[in-house]
Amino acid sequence: MGIKKTVSVLGLGRMGSALVCALVKKGYDVTVWNRSADKATPAGAKRVDELEEAFAAEVVVTCLTSYEVQQPLLSKNIRTLVNLTSGTPAEARATARWAADNGVEYVDGVIMAVPPQIGTPGARILFSGNENHYVLDAFGEPVHVGQDAGLAAMYDLGLLGIMWATFAGYLQAVALLGTEGITPRQFTPMVAQWLNELGGMLPELGEETQHRNYETEVSALDINVAGLRMLTETNREQGVDAALPQALHDLYRRAQEQGHGTHSIASVIEVIR
């Protein structure tokens, strides 16, 4: 059993409902509140209409659509706030300051999982600020990423940025190969293997950016700029939207123009920075 027994959850969307179910399964006494009445109350939880009733719990978990929605709902009557509402690092830090000013214990977290994974070891919950897990163990694997309350959101956006870029790159490739009749079923196994190989290169790439040593004998930026030009032209020739490869070409070319042509791809970070 966790440190706290009574928990209130604000927000009964798909994720909020999954959190409630996980808490009930772990034996917590769970109260739920939602802005509208159209969301079903998960089995084993008690629904309240007034926020003040929800604040009577030892821990209040928020899982709302945005900080803009959340902020007017917060009260100094909350004892411990576990914030799982997605937002920016600045929003998380502002909420942490509000909590400190009002004597509220605060944990800021992000859920690196989809609702069906909640309550399983595969659900990773990144959290920052207060190191106490409180009820996070009920949802999956809590991982503390630092004392600064904004760090969980920073990790979240960094990881999601990689996901969005990877998915976009995959969809671009599927569209391009589809012009030649190559199906995703034919192509995707090769993609998965390729991504595994690329993942093995990331530690070295990260070290290069850390030490700003971009000397290479493998694949200079000049070669990659040329390759991106060919990719962009081929997409256009095949009638596929070329905005994504064009943007990458322009980014890499800017690094080339700044004198990194003979350096590794990692040198592109100097433009990004």
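Attention here is on the structure that accompanies the text. (Residues numbered from 1 in each chain as written. Predicted model: local features only at pLDDT ≥ 70, side-chain atom pairs only at ≥ 80, totals over all residues. Heavy atoms only, no water.)

A short note on the side chain of Asp156
The topology assignment puts Asp156 in helix 5 (residues 151-178). The buried charged residue Asp156 lacks any salt bridge partner; its closest oppositely charged side chain belongs to Arg124, at an N-O distance of 12 Å. With sequence-adjacent residues up to four places away left out, Asp156 is seen in contact with Val110 and Met112. (Helix = DSSP H or I, 4+ residues; strand = E, 2+ residues; numbered from the N terminus. Buried < 20%, exposed > 50% of the residue type's maximum accessible area, 1.4 Å probe, protein only. Lys, Arg positive; Asp, Glu negative; His and termini not counted. Salt bridge = Lys/Arg side-chain N within 4 Å of Asp/Glu carboxyl O. Contact = heavy atoms within 4.5 Å.)

Some words on the layout of surface pockets
Considering only enclosed or pocket space, the largest pocket measures out at about 2,400 Å³ in volume. Counting residues per element, the lining of the largest pocket draws most heavily on helix 5, at 10 residues. Its residues placed into classes, the lining of the largest pocket shows 28 nonpolar, 13 polar and four charged. Taken as a whole, the second largest pocket holds about 430 Å³ of empty space. Residue assignment for the lining of the second largest pocket shows that the elements contributing at least two residues are helix 1 (14-25), strand 6 (105-112) and helix 5. Taken together, the residues of the lining of the second largest pocket sort by class into 10 nonpolar, eight polar and three charged. (1 Å grid on protein atoms, 1.4 Å probe; cavity = no way out; pocket = protein on both sides within 12 Å on 5 of 7 lines; lining within 4 Å. Points joined across faces, edges and corners; volume = space filled by probe spheres on them. Nonpolar A, V, L, I, M, F, W, Y, C, P; charged D, E, K, R; others polar.)

Some points on the sheet that holds strand 6
Taken together, the eight strands give an open sheet; going across it, the order is 3-2-1-4-5-6-7-8, and neighbouring strands pair in mixed fashion. Two strands bound the open sheet, and with one partner strand each, they are strand 3 (46-47) and strand 8 (141-144). Inspection of the sheet shows strand 5 (residues 80-83) paired to strand 6 by four bridges, in the parallel sense. Its bridge partner lying in strand 6, Thr80 is registered against Glu105. Strands strand 6 and strand 7 (124-129) of the sheet are contacted by helix 5, whose axis makes an angle of about 10° with strand 6. (Pairing = 2+ DSSP bridges. Axes fitted to C-alpha atoms, helices over the stretch in contact; angles between N-to-C directions.)

Focus: helix 1
With 12 residues, helix 1 ought to run about 16 Å at 1.5 Å a step, and its terminal C-alpha atoms sit 17 Å apart, in line with that. Every buried residue belonging to helix 1 is among Met15, Gly16, Ser17, Ala18, Leu19, Val20, Ala22 and Leu23, and all of these are buried. Where helix 1 is buried, its residues touch strand 1 (6-10), strand 2 (29-33), strand 4 (59-62) and strand 6. Just past helix 1, the residue Gly27 takes up positive phi, approximately 95°. (Expected span 1.5 Å × (residues − 1).)

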